[in-house]
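# Structural description and commentary
So you can see what is in the structure, the chains are spelled out below.
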Amino acid sequence: MTNEELYNQIFIETLELEKDQLGDDLVYQSVSNWDSVGHMQLTSALEDAFDVMLDTDDIIDFSSYVIGKGILEKYGVEF
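Attention in this report is confined to the structure presented alongside it. (Residues numbered from 1 in each chain as written. Predicted model: local features only at pLDDT ≥ 70, side-chain atom pairs only at ≥ 80, totals over all residues. Heavy atoms only, no water.)

## Some remarks on helix 4 (residues 65-74)
When we look at burial in helix 4, the residues that qualify are Tyr65, Gly68, Lys69, Ile71 and Leu72. Each buried residue of helix 4 sits inside an arc of 165° when the element is viewed along its axis, so together they form one side. Gly76, located one to two residues past helix 4, shows a positive phi value of around 90°. (Buried < 20%, exposed > 50% of the residue type's maximum accessible area, 1.4 Å probe, protein only. Helix = DSSP H or I, 4+ residues; strand = E, 2+ residues; numbered from the N terminus. Arc of directions from axis to C-beta.)

## Brief notes about the pattern of salt bridges
As enumerated under the stated definition, the model contains two salt bridges in all. Here Glu4 ties to Lys69 by a salt bridge, and the two come within 2.6 Å at their closest N and O atoms. Taken as a pair, Glu4 in helix 1 (residues 3-15) and Lys69 in helix 4 lie far apart in primary sequence, 65 residues in all. The class of Glu4 is partly exposed, set by a relative accessible area of 27%. Ionic pairing is found between Lys74 and Asp58, a salt bridge with its closest N-O pair at 2.6 Å. One end of the pair, Lys74, is in helix 4; the other, Asp58, is in helix 3 (residues 56-61), and 16 residues separate them in sequence. Judged by relative accessible area, Lys74 falls into the exposed class, the value being 57%. (Salt bridge = Lys/Arg side-chain N within 4 Å of Asp/Glu carboxyl O.)

If you want it as structure tokens, here you go:
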């Protein structure tokens, strides 16, 4: 599984989304499950899957599907 596929799988499973919901318009609170609790579940799942520990500023800045990829790239995850 590629990093892109893993990233997508985490979003789909954690936020209970369909694959076609992933993309540029997927932002924090744009779907019902991406609320504050869903945000922390998503963050935790990404940290576990990619073996990283996001700092607080990155967790706060992680406000969209696209931005999340950029944040993970700072930690050496390649997409």
